Amino acid sequence: MELKANDLQIGYGEHVVVDDMNLNIMRDKITTIIGPNGSGKSTVLKAVTRLIKYQKGNVILNGQNILSMKPKELARTIGVLPQLHSAPSDFRVKELVSYGRMPYQKAFSGKSAEDERIVQWAMEATGTWQFRDKSIYEISGGESQRVWIATVLAQKPEILFLDEPTTYLDISHQLETMNLVKKLNRETGIGVVMVLHDITQAMEVSDHVIVIKNGRKYAEGKPEDVITSKMMWDVYNVECDIVPMPGREKPLIAFKQIV
């Protein structure tokens, strides 16, 4: 399974936000898009998932232009969790997750036994089955984020797109969400594409990192090859050292002391 973005230009009216963007996203990997605020990270994610239009270029999913795909066909292949999401206050957790099965349901038909099985699988995979009868507003922020991921997971997509999934979460729930993302990727083979602000999280969980600066791709590759002291200075204007640690797969980012 492969998604390619070729020479994308994305903007609003005459204002170009992203230009000359080329991406090649493969299933089975965790790909993270990083860059400063306003660099175009979320804009790229929205464009390659057809949430917003792009002005030039094309996005090809499994050899097919995404603009020619029917919504249900697209939703069976890619799942998208935006940064902001909400549900009616009377929704129960299981009811919300069940909406992830809509791409597979015919008009006026109820949930099938297969739908019920997959909803339970998605909830068990995300550790949310125990909350199934609670309101979405009766659970914590971290638990709620896992429920929303379960909702997208119930679509059974080949690639899961997450726009800043740890925003508004405290540190423990951020770690919980990142561990869940890694677990889903390793155990189910689902590809993950995330927009993240936290560079340390990107270093820890990613197989592939894409750096965007001023609406253009600055670099991409393995996180340990891309997240360097030079990149941090060039893109974020921040001084740091990248420190290899014995016994750790990924190096640590040591930011210079603020004087």
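Basis of the calculations
Residues numbered from 1 in each chain as written. Predicted model: local features only at pLDDT ≥ 70, side-chain atom pairs only at ≥ 80, totals over all residues. Heavy atoms only, no water. Phe/Tyr/Trp six-rings, centres within 6.5 Å; stacked < 30°, edge-to-face > 60°. Lys NZ or Arg CZ within 6 Å of the ring centre and 35° of its normal. Pairing = 2+ DSSP bridges. Helix = DSSP H or I, 4+ residues; strand = E, 2+ residues; numbered from the N terminus. Contact = heavy atoms within 4.5 Å. Axes fitted to C-alpha atoms, helices over the stretch in contact; angles between N-to-C directions. Domains from an automatic or database assignment. Buried area = accessible area lost by both parts, 1.4 Å probe. Salt bridge = Lys/Arg side-chain N within 4 Å of Asp/Glu carboxyl O. Polar contact = N/O pair within 3.5 Å; in protein donor to acceptor, adjacent residues only side chain to side chain. Buried < 20%, exposed > 50% of the residue type's maximum accessible area, 1.4 Å probe, protein only. Expected span 1.5 Å × (residues − 1). Arc of directions from axis to C-beta.

### A closer look at the packing of aromatic side chains
Phase 1 of the analysis: With the rule as written, the count across this model stands at one aromatic pair.
Phase 2 of the analysis: In this arrangement the basic side chain of Arg 101 is found over the ring face of Tyr 104, its NZ or CZ atom lying 4.1 Å from the centre.
Phase 3 of the analysis: Its guanidinium or amino end placed over the ring of Trp 121, Lys 156 lies 4.2 Å from that ring's centre, counting from NZ or CZ.

### Quick look at the sheet that holds strand E4 (residues 56-61)
Phase 1 of the analysis: The strand order E2-E1-E4-E5 describes an open sheet built from four strands, whose pairing is antiparallel. With partners counted over all chains shown, the strands left at the sheet margins are strand E2 (15-26) and strand E5 (64-65), one partner each.
Phase 2 of the analysis: Here E4 pairs with E5 via two bridges, running antiparallel. Residue pairing for E5: Ile 60 is matched across the bridge by Asn 65.
Phase 3 of the analysis: Running over the sheet, helix H1 (residues 41-48) touches strand E1 (2-12), E2 and E4 and is turned about 120° from E1.

### As for the domain arrangement of the protein
Phase 1 of the analysis: Taken domain by domain, the protein consists of domain 1 (2-92 + 156-227) and domain 2 (229-259).
Phase 2 of the analysis: Here the C-alpha centre of domain 2 lies 24 Å away from the C-alpha centre of domain 1.
Phase 3 of the analysis: With both chains or domains summed, domain 1 and domain 2 bury close to 1,200 Å², and 63% of this area falls on carbon and sulfur atoms.
Phase 4 of the analysis: If you look at where domain 1 meets domain 2, you find one salt bridge.
Phase 5 of the analysis: Among the salt bridges present, the one from Glu 204 reaches Arg 248, with a minimum N-O distance of 2.1 Å.
Phase 6 of the analysis: Remark: the boundary between domain 1 and domain 2 carries six residue pairs in polar contact (both at pLDDT 80 or more).
Phase 7 of the analysis: Those elements that place two or more of their residues in the side of domain 1 that touches domain 2 are helix H7 (199-205), strand E9 (208-213) and helix H8 (223-226).

### Quick notes on unusual backbone geometry
Phase 1 of the analysis: The phi torsion at Asp 20 lies on the positive side, around 55°, for a residue other than glycine.
Phase 2 of the analysis: With respect to the helices and strands, the residue Asp 20 is situated in strand E2.
Phase 3 of the analysis: Look at Asp 20 and you get partly exposed, because its relative accessible area is 41%.
Phase 4 of the analysis: For Arg 50, which is not a glycine, the phi torsion comes out positive at approximately 70°.
Phase 5 of the analysis: Positionally, Arg 50 belongs in the loop between H1 and E4.
Phase 6 of the analysis: A relative accessible area of 26% means that Arg 50 is categorised as partly exposed.

### Overview of the pattern of salt bridges
Phase 1 of the analysis: All told, the structure shown has 14 salt bridges when counted by the stated rule.
Phase 2 of the analysis: Between Asp 28 and Arg 27 there is a salt bridge whose closest N-O contact spans 3.9 Å.
Phase 3 of the analysis: Among the ionic pairs, Glu 138 bridges to Arg 92, the shortest N-O distance being 3.3 Å. Here Glu 138 is found in the loop between helix H4 (113-125) and helix H5 (141-153), whereas its partner Arg 92 is found in the loop between strand E6 (78-81) and helix H3 (93-98), with 46 residues between them in sequence.
Phase 4 of the analysis: Residue classification places Glu 138 among the exposed residues on the basis of a relative accessible area of 52%.
Phase 5 of the analysis: We classify Arg 92 as partly exposed; its relative accessible area is 38%.
Phase 6 of the analysis: Residues joined by salt bridges that share partners form a network here, namely Asp 19, Asp 20 and Arg 216.

### Section: helix H6 (residues 171-188)
Phase 1 of the analysis: Between its first and last C-alpha atoms H6 spans 26 Å; for 18 residues at 1.5 Å apiece the expected length is 26 Å, and the two agree.
Phase 2 of the analysis: Looking at H6, one finds that the buried residues are His 173, Gln 174, Thr 177, Met 178, Leu 180, Val 181, Leu 184 and Asn 185. Looking down the long axis of H6, one finds its buried residues gathered within 155° of arc, a one-sided arrangement. With respect to the buried face of H6, the exposed residues turned more than 90 degrees away are Ile 171, Asn 179 and Glu 187.
Phase 3 of the analysis: Following H6 by one or two positions, Gly 189 has its phi on the positive side, about 80°.

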